[in-house]
Amino acid sequence: MHGKFVDVTDMTAARDRRRELGQKIIEEYGRPLICFTMNIAGPVKRSMLTDAGFGAGCEALIGELGEPLYAKYVTGKTGNEAFFIYDKSAEQLKAVCVKIEETHPFGRLFDMDVITADGTKLSREMPRRCIICGGPASACARSRAHGLAAVQSATKDILVRGAAEAIADTAVKALKKEAHLTPKPGLVDENDCGAHRDMDIELLDRSAECLRKYFRDAAIISATHEAPTDELIKAGREAECVMLEQTRGINTHRGAIYAFGLMAAAYARRLVSGDDIADTVRSIAGLTAGGGSSTHGGKAASAYGARGARDEALAGYPCAFRAYEYMESGGDELGALMTVMAELDDTNLYHRGGAEGVAIARETARRALCLSGTARRDFLTKANDMFIKNNLSPGGSADMLALAIFIHDMEKREKYSDC
């Protein structure tokens, strides 16, 4: 369905069908309706980039208004459509829609109409702005002031930058969610600092937040460069400097900078080219040097013949994808962490505890996976004491869990455009 050309007849038929469906929904519920579409110039109305924008718009509406009383999603070659019913006044709904249209990274392309219970479409107090000159959009459209090519170019720029913002936001949230997951043996969480004497939950949150620009830049670089490796390496080095400045020299997220930079680049590339995520990660990783033998992880990998950070990337992060699949099948994040700990060559564990430390972590994970609920949490809480005593921290496993959460949240957005 993506990339198909449409003509005036297609768009007219879609508008009439949308109006008819909206009227039926209003008649059934007797409440105002939000009808959400994307305003995309040119004969191709749907792509993976527009799907990403549409998903982000649906998330924004639900984030502001909560779960709707009714929701319907329609997809086709003329674009994505969503219909929402809330137990709120038309004026309240319109205020939220205008706010999203004006402030969201994709907002200039959102068309969020509010239809009252008597079928009247509410108008904006302030006119929409042209995506090129910033003037009244209706005037520029009537006069065709800028030409289709310029409008399409500006539209793609908004889509790419909006997608990069969404990718960065998802990455930061994933890192924070992993940090706050409790209890995690040997790792910083909401209970304690695990085996780390120099970190706490607040430091990890600040560190994750300072990487937002890097994740956004990595996505934009990948979306706009045919061979982005050199630019990504440069951005990663700059991000590490920013992180160390923010943390006063403490290595909070060096592993995440590498892994999330690759994954952010891979998701951006998929949106513009349809490339496979794991294939893109492997391709870019094959042209980079990874953490190198000078890092603690690199030295541990060399000493014990373990798979290091670059090896995991060259394999397409199989542990992260297995943890994602575990969550997709209904498992929780703690169980996902245990699936990673049970098999990952965690070089942070090798560095801190050698082969014995890795064996302890794997056995702990396997035993935890045989438990559930309160029993698992109690077991992991007790295991934390043992990990602290032995100075063990499965930091590489934590990075892979955060990556799995990122994958899970990125894939979840596609539900709005796969209906």
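Look a little higher up for the structure.
Asker: I keep staring at the side chain of T339 and nothing clicks. Help me out?
Answerer: With respect to the helices, strands and loops of the structure, T339 is situated in helix 14 (residues 333-341). Within the local environment of T339, its side chain forms a polar contact with the backbone oxygen of A336, the two atoms lying 2.6 Å apart. The contact partners of T339, leaving out residues within four places of it in the chain, are A323, Y326 and L369.

Asker: Would you mind going over the packing of aromatic side chains with me for this structure?
Answerer: Where two aromatic rings form a pair, the distance of their centres and the angle of their planes describe that pair. Tallying each qualifying case throughout the model produces ten aromatic pairs. Judged by centre distance (5.1 Å) and plane angle (45 degrees), the rings of Y29 and Y70 are tilted. Within this pair, whereas Y29 is found in helix 1 (residues 8-29), its partner Y70 is found in strand 2 (residues 70-74), the two being separated by 41 residues in sequence. Ring centres of F260 and F406 lie 5.6 Å apart, and the angle between their planes is 55 degrees; this geometry places the pair in the tilted category. Of this pair, F260 sits in helix 9 (residues 254-273) while F406 sits in helix 17 (residues 395-412), placing them 146 residues apart in sequence. Of the two residues examined, F260 and F406, each falls in the buried class. Among the aromatic side chains, those forming a connected cluster through ring pairs are Y214, F215, F260, Y267 and F406.

Asker: What is the right way to read the pattern of salt bridges from this model?
Answerer: For side chains of opposite charge, pairing can occur when their charged atoms come near one another. Per the stated rule, a full pass over the model turns up 28 salt bridges. Across the pair K99 and E64 runs a salt bridge, and its minimum N-O distance is 3.2 Å. Here K99, found in helix 3 (residues 90-103), pairs with E64, found in helix 2 (residues 48-65); they are 35 residues apart in sequence, far enough to count as distant. Across the salt bridge formed by R322 and E343, the nearest N and O atoms sit 2.6 Å from each other. In this pair, R322 sits in helix 13 (residues 318-328) while E343 sits in the loop between helix 14 and helix 15 (347-369), placing the two residues 21 residues apart along the sequence. For R322, a relative accessible area of 39% puts it in the partly exposed group. One continuous salt-bridge network, built from bridges that share partners, spans E101, E102, R124, R128 and R129.

Asker: Please explain the side chain of E178 as it appears in this structure.
Answerer: Along the polypeptide, E178 turns up in helix 5 (residues 148-180). Accessibility expressed as a relative area gives 9% for E178, which makes it buried. Apart from the residues within four sequence positions on either side, E178 is in contact with K184, A398, L401, A402 and I405.

Asker: Would you explain helix 9 in this entry?
Answerer: Residues spaced three or four apart along an α-helix face the same direction, because each turn holds 3.6 residues. An ideal rise of 1.5 Å per residue puts 28 Å on 20 residues; helix 9 measures up with 29 Å between its terminal C-alpha atoms. Most of helix 9 is tucked away, with 16 of its 20 residues classed as buried. Note on helix 9: the residue one or two positions beyond its end, G274, has a positive phi of about 80 degrees.

Asker: Where do I start with the pairing of strand 4 (residues 110-115) in this structure?
Answerer: The side chains of a regular strand alternate between both faces of the sheet. Among the six residues in strand 4, five count as buried, and that is most of the element. Sheet topology places strand 1 (residues 33-38) next to strand 4; six bridges connect them, and they run antiparallel. In the sheet register, C35 faces strand 4, and the bridge partner there is D113.

Asker: Can you walk me through the sheet that holds strand 2 in this structure?
Answerer: Within a beta sheet, neighbouring strands are joined by backbone hydrogen bonds and run either parallel or antiparallel to one another. Strands sit in the order 2-3-1-4 across an open sheet of four strands; the sheet is antiparallel. With partners counted over all chains shown, the strands left at the sheet margins are strand 2 and strand 4, one partner each. Averaged over all pairs of adjacent strands, the angle between strand axes in this sheet comes to 15 degrees, irrespective of strand direction. Across the sheet, helix 2 lies against strand 1, strand 2, strand 3 (81-85) and strand 4, angled at about 155 degrees from strand 1, the strand it touches most. Against the sheet, helix 3 engages strand 1 and strand 4, with an angle of about 175 degrees to strand 4.

Asker: Help me out: how do you make sense of unusual backbone geometry in this one?
Answerer: A cis geometry characterises the amide bond from T182 onward to P183, with omega recorded as 0 degrees. Relative to the elements of secondary structure, P183 occurs in the loop between helix 5 and helix 6 (201-210). Despite not being glycine, R248 has its phi angle at roughly 60 degrees, a positive value. When you line up the elements, R248 lands in the loop between helix 8 (229-247) and helix 9. Accessibility expressed as a relative area gives 80% for R248, which makes it exposed. Positive phi is not limited to glycine here, since Y317 has a value of about 55 degrees. Take Y317: it is sitting in the loop between helix 12 (309-314) and helix 13. Under the relative-accessibility criterion, Y317 is labelled buried at 1%.

Asker: Would you explain the nonpolar core in this entry?
Answerer: Core analysis: the biggest nonpolar cluster contains 109 residues, and F260, M263 and Y317 have the highest contact counts within it. Here the element with the most residues in this core is helix 9; it accounts for 13 residues. Excluding anything up to four places from it in sequence, Y317 contacts Y258, A259, L262, M263, V281, A309, E312, M400 and L403. Judged by nonpolar contacts, the second largest core, of ten residues, contains I26, L33, I85 and I115.

Asker: Looking at this model, I keep getting lost on the pairing of strand 1. Mind explaining?
Answerer: Taken across its six residues, strand 1 has six buried, putting it largely inside the fold. Of the two faces of strand 1, the one carrying L33, C35 and T37 and the one carrying I34, F36 and M38 are both buried.

Conventions and cut-offs
Residues numbered from 1 in each chain as written. Predicted model: local features only at pLDDT ≥ 70, side-chain atom pairs only at ≥ 80, totals over all residues. Heavy atoms only, no water. Helix = DSSP H or I, 4+ residues; strand = E, 2+ residues; numbered from the N terminus. Polar contact = N/O pair within 3.5 Å; in protein donor to acceptor, adjacent residues only side chain to side chain. Contact = heavy atoms within 4.5 Å. Phe/Tyr/Trp six-rings, centres within 6.5 Å; stacked < 30°, edge-to-face > 60°. Buried < 20%, exposed > 50% of the residue type's maximum accessible area, 1.4 Å probe, protein only. Salt bridge = Lys/Arg side-chain N within 4 Å of Asp/Glu carboxyl O. Expected span 1.5 Å × (residues − 1). Pairing = 2+ DSSP bridges. Axes fitted to C-alpha atoms, helices over the stretch in contact; angles between N-to-C directions. Core = buried A, V, L, I, M, F, W, Y, C linked by side-chain atoms within 4.5 Å.

So yeah, pure geometry; function would need other evidence.
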